[in-house]
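Residue-level structure breakdown
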Amino acid sequence: MRMIDLTGKRVAVLMGGPGSERDVSLATGRRVSAALSSLGAVVTDVDVRGTDFDLPPETEIAFNAIHGTFGEDGQVQEILERRGVAYTGEGVAESQVAFDKILSKEKFDAAGVTTPEWEIIRRGEYPKMALPLVVKAPQQGSTVGIFIVKEEAELEPALQAGVEYDERLLVEEFIPARELTVGVLGDLALPIIEIIAKGGFYDFAEKYPFLNPNAAAGGGARHVCPAEISGDQTRAIQDLALRAHRSLGLQVYSRVDVMLPESGAATVLELNTIPGMTPTSLLPEAAAAAGITDPQLCARIIELSLARGRSGGR
């Protein structure tokens, strides 16, 4: 893969953040930093704890490795724009839409992207759709604020827990299906990964077992890459992921989560605009399956981000 020349380029890797995914972001940032340093970039790690973070003088681009709240929702993007600093990933408006599960659903529907049936409820309201269903806080990441409800007795506790995060909740049809994810890099859909969760739900602990010192060896979910799916179906799912990515106006990179029922069409759950680069993360695993190394992946993200900025998408 051809790469942008980063020799001597001053890059600040923003990591950590004030949100619930801080430890995950630190792991991502360390991996990004190592990759960029190997390309000859002048890299400075910046541990972000709030809005008043400092950047090194003459920073040419900030590589945003902050997941979830503050990093993916347009806040840090707005700060960097006010400071006149180029940054990786999507612009302010696109980040805001992609981070909000409700706004994303509206965009998916408008673009004809297949997604599970859904409704919005507020504090004190109850869903109209039948069980089983999924209750989601609309602006959280890494499965934070997500509750699968299969029995009537589970509904009230899920709603009470959900409104601790947000006054509005997304309620979504529960679809028993194979869990897939598709990395998107510009106009390229990467090989599909199937996620086989040991506990039946790909939660925070299964995503990041390295953060739990008490976890058994190999305690995380199993990944199959590329997923064991027919060629025609693979191409259809990759096309679906690309359409989901584009429906939100995205230009740089994302990871699209897809469910594949035993019978019926694949359906998009959501996407992430700053997917992880931790030891167990899915985007670098898919990239590696396509022959793309960590340095190549990070360089391409910078290249696409600079192009997005030049096109007025910053």
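Structure: above.
Residues numbered from 1 in each chain as written. Predicted model: local features only at pLDDT ≥ 70, side-chain atom pairs only at ≥ 80, totals over all residues. Heavy atoms only, no water.

What follows is about the overall build of the protein chain. When helices and strands are tallied, the protein chain shows nine helices and 13 strands. Relative to the 2.2 N^0.38 estimate, which gives 20 Å for 314 residues, the radius of gyration of the protein chain is 19 Å and therefore close to what a compact globule would have. Intrachain contacts of the protein chain at a sequence separation of at least 6 include 70% that bridge at least 24 residues. Of the roughly 13400 Å² of accessible surface on the protein chain, a fraction of 48% belongs to carbon and sulfur atoms. Separation between the mean location of the 30 positive side-chain charges and that of the 44 negative ones in the protein chain comes to 5 Å. (Helix = DSSP H or I, 4+ residues; strand = E, 2+ residues; numbered from the N terminus. Rg over C-alpha atoms; globule rule 2.2 N^0.38 Å. Contact = heavy atoms within 4.5 Å. Areas by Shrake-Rupley, 256 points an atom, 1.4 Å probe, with all protein chains shown as cover. Lys, Arg positive; Asp, Glu negative; His and termini not counted. Charge placed at Lys NZ, Arg CZ, Asp CG, Glu CD.)

Quick look at the nonpolar core now. Side chains of nonpolar character tend, in soluble globular proteins, to be buried together. In terms of nonpolar packing, the biggest core is built from 35 residues, with Val13, Leu36, Phe63, Tyr253 and Leu297 touching the most fellow members. Elements that contribute at least two residues to this core include exactly β1 (10-16), α1 (22-37), β3 (61-64), β10 (193-196), α8 (282-289) and α9 (294-310). The leading source of residues in this core is α9, at seven residues. The contact partners of phenylalanine 63, leaving out residues within four places of it in the chain, are Val11, Ala12, Val13, Leu14, Val32, Leu36, Thr88, Tyr253, Cys298, Ile301 and Ile302. Formed by 24 residues, the second largest nonpolar core is a distinct cluster that contains Ala189, Ala241, Leu242 and Leu271. (Core = buried A, V, L, I, M, F, W, Y, C linked by side-chain atoms within 4.5 Å. Buried < 20%, exposed > 50% of the residue type's maximum accessible area, 1.4 Å probe, protein only.)

Now for the side chain of serine 25. Considering the arrangement of structural elements, one finds serine 25 in helix α1. Taking the relative accessible area as the measure of exposure, serine 25 reaches 0% and is therefore buried. From its side chain, serine 25 meets the backbone oxygen of alanine 65 in a polar contact 2.6 Å long. When near neighbours in sequence (up to four residues on either side) are disregarded, serine 25 contacts Met15, Gly16, Ala65, Ile66 and His67. (Polar contact = N/O pair within 3.5 Å; in protein donor to acceptor, adjacent residues only side chain to side chain.)

It is worth spelling out the environment of cysteine 225 at this point. Examined against the element boundaries, cysteine 225 turns out to sit in the loop between β11 (222-224) and α7 (231-247). The partly exposed category is assigned to cysteine 225, whose relative accessible area is 25%. For the pair cysteine 225 and leucine 180, spaced 45 residues apart in sequence, the C-alpha to C-alpha distance is 9.9 Å. When neighbours within four sequence positions are excluded, cysteine 225 is seen to be in contact with Pro191, Ile192, Ile193, Glu285, Ala286 and Ala289.

To continue, consider the pairing of β3. Side chains Ile61 and Phe63 project from β3 onto one buried face, and the interleaved Ala62 and Asn64 project onto a second face that is buried too. Strand direction decides the pairing type here: β1 and β3, joined by four bridges, are parallel. Considered in β3, the bridge of valine 11 is made with isoleucine 61. (Pairing = 2+ DSSP bridges.)

Sheet architecture is open: three strands sit in the order β2-β1-β3, paired in parallel fashion. Edge positions in the sheet fall to β2 (42-48) and β3, since each has one partner strand and no second. Strand-to-strand twist across the sheet, computed as the mean angle between neighbouring axes with direction ignored, equals 25°. Sheet contacts for α1: β1, β2 and β3; angle to β1, the most-contacted strand, approximately 160°. (Axes fitted to C-alpha atoms, helices over the stretch in contact; angles between N-to-C directions.)

Before going further, it helps to examine the pairing of strand β5 (residues 133-136). Residues of β5 alternate between two faces, with Leu133 and Val135 on one and Val134 and Lys136 on the opposite face, all of them buried. Relative to strand β6 (residues 146-149), β5 runs antiparallel, the two sharing four bridges. Paired with valine 135 across the two strands is phenylalanine 147, which belongs to β6. Alignment of β5 against strand β7 (residues 168-173), held across four bridges, turns out to be antiparallel.

This next bit is on the environment of alanine 266. Among the secondary structure elements, alanine 266 is positioned in the loop between β12 (253-260) and β13 (267-272). In the structure, alanine 266 is positioned 69 residues away from alanine 197 in sequence and 19 Å away in space, judged by C-alpha atoms.

The next thing to look at is the packing of aromatic side chains. Applying the stated rule across the entire model yields zero aromatic pairs. The ring of phenylalanine 53 is capped by arginine 83, whose NZ or CZ atom sits 4.4 Å from the centre of that ring. The positively charged end of arginine 308 is found above the aromatic ring belonging to tyrosine 87, 4.7 Å away from the centroid. (Phe/Tyr/Trp six-rings, centres within 6.5 Å; stacked < 30°, edge-to-face > 60°. Lys NZ or Arg CZ within 6 Å of the ring centre and 35° of its normal.)

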